Amino acid sequence: MNIPAIGLGTFRLQGQKVIDSITNGLGLGYRHIDTAQIYDNEAEVGRGVANSNVARRDLFLTTKIWIENLHADKLIPSLKSSLVKLRTEQVNLTLIHWPAPDDVVPVTEYMQALLEAKEQGLTRQIGVSNFTINHLEQAIAAVGAENISTNQVEIHPFLQNRKLVEYAGRQGIHLTAYMPLAYGKVMQDPVIQQLALKHGVTPPQVSLAWLLQQGHAVIPSSTQRNNLATNFAAQDFSLPEEDMEVIRRLDRNERIANPAFAPVWD
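Here goes a summary of the coordinates provided. Owing to the predicted nature of the structure, the values given are computational and were not obtained by experimental measurement. (Residues numbered from 1 in each chain as written. Predicted model: local features only at pLDDT ≥ 70, side-chain atom pairs only at ≥ 80, totals over all residues. Heavy atoms only, no water.)

## Comments concerning the overall build of the protein
Of regular secondary structure, the protein possesses 10 helices and 8 strands. Computed over C-alpha atoms, the radius of gyration of the protein comes to 18 Å, within 12% of the 18 Å expected from 2.2 N^0.38 for 266 residues, which places it in the range of a compact globule. Projecting the C-alpha coordinates of the protein onto the three principal axes gives extents of approximately 55 × 40 × 30 Å. When the 266 residues of the protein are sorted by exposure, 57% land in the buried category. Considering only contacts in the protein between residues 6 or more positions apart, those separated by 24 or more positions represent 76%. For the protein, the centre of its 23 positive side-chain charges and the centre of its 27 negative side-chain charges are spaced 5 Å apart. (Helix = DSSP H or I, 4+ residues; strand = E, 2+ residues; numbered from the N terminus. Rg over C-alpha atoms; globule rule 2.2 N^0.38 Å. Buried < 20%, exposed > 50% of the residue type's maximum accessible area, 1.4 Å probe, protein only. Contact = heavy atoms within 4.5 Å. Lys, Arg positive; Asp, Glu negative; His and termini not counted. Charge placed at Lys NZ, Arg CZ, Asp CG, Glu CD.)

## Considering the pattern of salt bridges
Tallying each qualifying case throughout the model produces 8 salt bridges. Between Asp34 and Lys64 there is a salt bridge, and its shortest N-O distance comes to 2.6 Å. On the criterion of sequence distance, the pair formed by Asp34 in strand 2 (residues 32-34) and Lys64 in strand 3 (residues 60-65) is long-range, its members being 30 residues apart. Grouping residues by exposure puts Asp34 and Lys64 together as buried. Linking Arg252 and Glu254 is a salt bridge whose minimum nitrogen-to-oxygen distance equals 2.5 Å. One connected set of salt bridges, linked through shared partners, spans Glu241, Glu245, Arg248 and Arg249. (Salt bridge = Lys/Arg side-chain N within 4 Å of Asp/Glu carboxyl O.)

## So, the side chain of Thr35
Residue position: Thr35 is located in the loop between strand 2 and helix 2 (42-50). Setting aside chain neighbours within four positions, we find Thr35 in contact with Thr10, Asn41, Glu42, Val45, Thr62, Thr63, Lys64 and Leu86.

## Topic: the sheet that holds strand 7 (residues 175-178)
Strand order in the open sheet made by the 8 strands is 1-2-3-4-5-6-7-8, with parallel pairing throughout. Single-partner strands in this sheet number two, and they are strand 1 (8-9) and strand 8 (217-218). Judged from the 2 bridges that link them, strand 1 and strand 2 form a sheet pairing that is parallel. Bridging from a neighbouring strand, Gly9 pairs with Asp34 of strand 2. (Pairing = 2+ DSSP bridges.)

## Examining the nonpolar core
Residues Ile96, Tyr110 and Met111 are the most contacted members of the largest nonpolar core, which totals 80 residues. If one sorts the elements of this core by residue count, helix 4 (residues 107-119) sits on top with 7 residues. Excluding residues within four positions of it along the chain, Tyr110 makes contact with Leu70, Leu75, Ile96, Pro99, Ala100, Val105 and Phe131. Judged by nonpolar contacts, the second largest core, of 5 residues, contains Ile3, Leu93, Leu95 and Ala217. (Core = buried A, V, L, I, M, F, W, Y, C linked by side-chain atoms within 4.5 Å.)

## Comments concerning helix 7 (residues 190-199)
An α-helix turns once every 3.6 residues. As a result, residues three or four positions apart point the same way. Buried within helix 7 we find Ile192, Leu195 and Ala196. End-on view of helix 7: buried residues confined to an arc of 100°, all on one side of the axis. Exposed side of helix 7, more than 90 degrees from the buried face: Pro190, Gln194, Leu197 and Lys198 are the residues found there. On its buried face, helix 7 is in contact with helix 8 (203-212) and helix 10 (241-248). For helix 7, the side-chain oxygen to backbone nitrogen distance between the N-cap and Val191 is 3.0 Å, and the N-cap itself is Asp189. Gly200 sits one or two positions beyond helix 7 and adopts a positive phi of about 70°. (Arc of directions from axis to C-beta. Polar contact = N/O pair within 3.5 Å; in protein donor to acceptor, adjacent residues only side chain to side chain.)

## Concerning the packing of aromatic side chains
For the coordinates displayed, the defined rule picks out 6 aromatic pairs. Between Phe11 and Tyr39 the ring centres are 5.3 Å apart and the planes differ by 50°, which places this aromatic pair in the tilted class. Of this pair, Phe11 sits in the loop between strand 1 and helix 1 (15-28) while Tyr39 sits in the loop between strand 2 and helix 2, and the two are 28 residues apart along the sequence. Residue class for Phe11 comes out partly exposed when judged on its relative accessible area of 35%. With a centroid separation of 5.3 Å and an interplanar angle of 85°, the aromatic rings of Trp98 and Phe261 are classed as edge-to-face. One end of the pair, Trp98, is in the loop between strand 4 (91-96) and helix 4; the other, Phe261, is in the segment after helix 10, with 163 residues separating them in the sequence. (Phe/Tyr/Trp six-rings, centres within 6.5 Å; stacked < 30°, edge-to-face > 60°.)

Keep in mind that these numbers describe shape and distance, not what the molecule does.
Below you can see the structure in the form of structure tokens.
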């Protein structure tokens, strides 16, 4: 199964909120659920999926290996623990959540361990997240571009990551945009508001459509059923090229996810 174009993000969702979001999302047609070890909600994601009427074979589940589990002797055991929480024998995609802080663990070590997890059948596909061009180069050298299903990075109208997008495109590496709504900031932008009014859609739909038309997957999150529905419907309309260009001009390198351990960005 290819990575669905639109998925359900679960970052910062805990407890019953995660379960309710998944229940509503699956009911609306979402089939991709994105979680991570550090989100501390894999068990709730597993419960939400188990309680749904959607067959496991029809779902695309993604989780991510946390930085504490990057050493070769920890990665596979940590993934097995995630599988128990998620109530599945295999996830569809496992990502390295962040490069090791200060590269104290070599990219080659954890990418080869992740490839071994794939070969053991613990994950159908593997990929990376928050990787710079330099880290992608190392990952490609370690396991080959054909084994990197996606690089999940922050992309939205205010942070367009153009150097990375261009490099990934040349290497044939797909991108998944997290925080595609800039944590709500797209709703307040007058340019995006004007485009939404022009097309009779919502500002989030404008941002999501802009990303989808570039070939990226998107993983917006919401606890509100109506927002989940309108986000999902962003697949159903397209922006003309002149409007795509208007949004391109909003780029201001405004990064939201930038923890102290983040790499030096491109």
